[in-house]
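Working through the structure, step by step
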Amino acid sequence: MERALLSNVIATSDWCANQLLPRISPSFLSRHRHTRFTVAKPAYFSYKRLSVFLAMDASKAAPAKQVSSVLDATAEEEYASLSKLLQDFTNISSIDKAWTFNSGNGNGTQAMFSISQPNLLANKRKKFMLSTVISKENENSVTFQWAPFPVEMTGASAVVPSPSGSKLLVVRNPENESPIQFELWSQSQLEKEFHVPQTVHGSVYADGWFEGISWNSDETLIAYVAEEPSPSKPTFSLGSTKGGSSDKDCNSWKGQGDWEEDWGETYAGKRQPSLFVININSGEVQAVKGIPKSLSVGQVVWAPLNEGLHQYLVFVGWSSETRKLGIKYCYNRPCALYAVRVSLYKSEASELELKESSSEDLPVVNLTESISSAFFPRFSPDGKFLVFLSAKSSVDSGAHSATDSLHRIDWPTDGNFSSLEKIVDVIPVVQCAEGDCFPGLYSSSILSNPWLSDGCTMLLSSIWGSSQVIISVNVSSGELLRITPAESNFSWSLLTLDGDNIIAVSSSPVDVPQVKYGYFVGKANKGTWSWLNVSSPISRCPEKVKSLLSSRQFSIMKIPVKGVSANLTKVYLRGSLGFGEEALQSLPGKVGSQDVNDVLTAIDHVIDMGLANPSKVTVVGGSHGGFLTTHLIGQAPDKFVAAAARNPLCNLALMVGTTDIPDWCYVESYGSKGKDSFTESPSVEDLTRFHSKSPISHISKVKTPTIFLLGAQDLRVPVSNGLQVIYHIPFSV
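Not measured: the values here are computed from a predicted model. (Residues numbered from 1 in each chain as written. Predicted model: local features only at pLDDT ≥ 70, side-chain atom pairs only at ≥ 80, totals over all residues. Heavy atoms only, no water.)

**Observations regarding the overall build of the protein chain**
- Secondary structure summary: the protein chain contains 15 helices and 36 strands in total.
- The burial tally for the protein chain puts 50% of its 733 residues in the buried class.
- Of the contacts made within the protein chain by residues no fewer than 6 positions apart, 58% connect residues no fewer than 24 positions apart.
- Only carbon and sulfur atoms are counted for the fraction: they give 51% of the accessible area of the protein chain, which is about 34200 Å². (Helix = DSSP H or I, 4+ residues; strand = E, 2+ residues; numbered from the N terminus. Buried < 20%, exposed > 50% of the residue type's maximum accessible area, 1.4 Å probe, protein only. Contact = heavy atoms within 4.5 Å. Areas by Shrake-Rupley, 256 points an atom, 1.4 Å probe, with all protein chains shown as cover.)

**What to know about helix 7 (residues 543-550)**
- Every buried residue of helix 7 is accounted for by V545, L548 and L549. The arc enclosing the buried residues of helix 7, seen along the axis, measures out at 95°, which places them on a common side. When the buried face of helix 7 is taken as reference, the exposed residues oriented beyond 90 degrees from it are E543 and S550. (Arc of directions from axis to C-beta.)

**Considering helix 9 (residues 594-608)**
- With 15 residues, helix 9 extends 21 Å between its outermost C-alpha atoms, agreeing within 8% with the 21 Å of an ideal straight helix rising 1.5 Å per residue.
- Buried residues of helix 9: Q594, D595, V596, D598, L600 and I603, and no others.
- For helix 9, the secondary structure elements touched by its buried residues are helix 10 (624-635).
- At the exit of helix 9 stands G610, carrying a positive phi of roughly 80°. (Expected span 1.5 Å × (residues − 1).)

**Observations concerning the sheet that holds strand 24 (residues 385-390)**
- If you trace the 4 strands from one edge of the open sheet to the other, you get 23-24-25-26, paired in antiparallel fashion. Because the sheet does not close on itself, it has two edges, and the strands there are strand 23 (375-379) and strand 26 (424-427). Strand-to-strand, the axes of this sheet are offset by a mean angle of 30°, without reference to chain direction.
- Here strand 24 pairs with strand 25 (residues 405-410) via 6 bridges, running antiparallel. By the bridge assignment, L386 is partnered in strand 25 with I409. (Pairing = 2+ DSSP bridges. Axes fitted to C-alpha atoms, helices over the stretch in contact; angles between N-to-C directions.)

**Quick word on a nonpolar patch on the surface**
- A cluster of nonpolar side chains, contributed by M557, M609 and L611, occupies part of the molecular surface with about 290 Å² of accessible area.
- Position of M609 among the secondary structure elements: in the loop between helix 9 and strand 34 (618-622). (Patch = residues over 30% accessible without salt bridge, like charges linked within 9 Å, V, L, I, M, F, W, Y side chains within 5 Å. Salt bridge = Lys/Arg side-chain N within 4 Å of Asp/Glu carboxyl O.)

**As for the environment of A486**
- Mapping A486 onto the fold places it in the loop between strand 29 (480-482) and strand 30 (491-498).
- On the basis of relative accessible area, A486 is assigned to the exposed category, the value being 61%.
- Sequence spacing of A486 and D436 is 50 residues, and the spatial spacing of their C-alpha atoms is 9.4 Å.

**Quick notes on the sheet that holds strand 11 (residues 190-196)**
- With respect to topology, 4 strands assemble into an open sheet ordered 8-9-10-11, the strand pairing being antiparallel. A strand with exactly one partner marks an edge of an open sheet, and here the two such strands are strand 8 (158-161) and strand 11. Averaged over neighbouring strand pairs, the angle between their axes works out to 15° when direction is ignored.
- With 6 bridges joining them, strand 10 (residues 180-185) and strand 11 adopt antiparallel strand pairing. Counterpart to W185 in the pairing with strand 11 is L190.

**Looking at the confidence of the model for the protein chain**
- Mean pLDDT over the protein chain: 84, with 83% of residues reaching 70 or higher.
- Confidence, read as mean pLDDT per element, is least for strand 2 (residues 51-55) in the protein chain (24) and greatest for strand 23 (98).
- Every residue in residues 1-64 is under pLDDT 50, and counting partners more than four places away or in other chains gives 160 contacts. (pLDDT = per-residue confidence, 0-100.)

**Side note on the environment of T235**
- The residue T235 is located in strand 14 (residues 235-237) in this model.
- Owing to a relative accessible area of 52%, T235 belongs among the exposed residues under this scheme.
- Separated by 18 residues in the primary sequence, T235 and W253 have C-alpha atoms spaced 5.8 Å apart.
- Filtering out sequence-adjacent residues up to four positions away, T235 remains in contact with W253 and K254.

**Comments concerning the nonpolar core**
- Ranked by internal contacts, the top residues of the largest apolar core, which has 66 residues, are L275, L313, L406 and W411.
- The element that contributes the greatest number of residues to this core is strand 20 (residues 336-346), accounting for 7 residues.
- Contact partners of L275, with chain neighbours within four places excluded, come to Y224, V225, Q286, A287, V288, I291, V297, V300, L313, F315 and V340. (Core = buried A, V, L, I, M, F, W, Y, C linked by side-chain atoms within 4.5 Å.)

**Quick notes on the packing of helix 9 against helix 10**
- The contact between helix 9 and helix 10 brings their axes to 10 Å, and the two run at 70°. Classified by the angle between their axes, helix 9 and helix 10 sit roughly perpendicular to one another. For the pair helix 9 and helix 10, contact is made by D595, V596, V599 and L600 and by F627, L628, H631, L632 and Q635, respectively. (Parallel < 35°, antiparallel > 145°, perpendicular 65-115°, else oblique.)

Below is the structure:
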């Protein structure tokens, strides 16, 4: 039973695992100190289909009765208690998004929160909407009046309010070849419903990366990204029918059409992301013309309305002229901002309608040719400039996620792109941060409307050291401020703005998510941000969880690292986001040594301080965390009492030929120069180096009882990586 508990703990949540794995009884670990725990699972963890098996040498395998006999009443009771605790932890909701709306009567603001909760049995997340009314009674007090119950958004793939807040778009993608459903809601009812067949386009992208759904200014048109239409499937006949036999009896078969590459993990089987516009009055859908077939598009926004009847869409384009490599979590894929013109005409009702045009009339303009990466475009409220993030450091170095930069383009309101001025650097890449100074920008998203009322200050969430914080950036002057409390070790996520006030959520490893309300006190450039705790049903949890968390403490410690370069003497955590580009780029080429030594140094440091018991240290990690986990149990075989590795990368030499990110194997092994030496046909020297950098090179030393959770359909780290290690761990009684 405890074996099953271990699998549940790790597969459900690394956060839960950190709370529960150390609670596995020492007697259980002692009984199975020579055991290899293996969990076989589908690509996305399914509780219902979970299977756990004990992998041992056949000659030493214990009979079933003998194995079951060790599960005495105490173990059964312990399992039941921890299993219930696991369920309590996983039932804690997450706050994903929020929107605010003017109430219309001047009495406060209305808000909607999108929340989600794991449904392990269905292998999905349940999505809910919870409404509230915000009343700011005075400068130091705010009240949230929550609806009594949330409403489940069954089948909703995307929810996007219109700019005025008077309409709500709900998109429902089907799980089969049925039409895509667009619903338009008013405050009181469903106003319109359109069903778009798969012959027009496939599912709407709602993945947070290619995803882009944008209302135009008068709220009559919506631009969005969806899969291109399903291609026709050819039928092949191997002979003529005889005797009036039915089609089922014919010697014929149906093909799947031309094979097309996809963007790897998460996007397997997904068709090319393409750009469409729907007229919400008529339901007419048009594919946007003029975009080359080689571009995958995403993150579309409407540009400010120009004079005349021409309006532009701005979108991110990823070229696929060469091989498509995995893009999930990979910011190192080159991309650019493009503008394409959409022709409109005024109907008899003086509303803007789409106009048919040829692709030759609508050339696509590359707005960011001088930079290798540009994404998350946002227009200023006055429409005079376009702001965007860049992962140029990632593209140039090959690191998946390096230090970002923020840029600005002065937008040509007359539509004359020949007069487009150069790209302005608002926040450049920070190479080395001094002390607690700004370490550089590390942002994975931007609100659709991130602007304060001055029209030039935007708010962002960004990693700063070991926490995520909220910062304000004046895109005209470049002035940057950290506006969440400097003394807080919590991580903060920006949810939405309430005028010039902020709705955010904060959490820590021992604190459940808490809604926060921020407001500015004082005059411009001379005040500070103050934060109020918001009582919320979302943050409620069972008493057992509260009790367990209240007994835990956490702090962020600076641990001196040995053997750093002169420029990195003040760096305490190398290779992670939030500490400057130089510290981050110190790890590629040194994986399996620098990272392993840093972790072991940290463990020894807290043990020496009396904060950890050396006989109860466990290690947990998934994917690249699994890479580090399996390195640690091989290089420090007596350090850990138990380990758990989910889809661990164990052998770069094997992975390079099976993963959706083969280029990464070169960068991790050789550093940034590996980006230029990447080839689909690695040499013997390459394979030798890959092996030496991999955990499998230390496999003969492993002693730690370890659970492996492997996804049979994982394109990033195929199951073969974990299996190769499992079957070669040398256990003996």
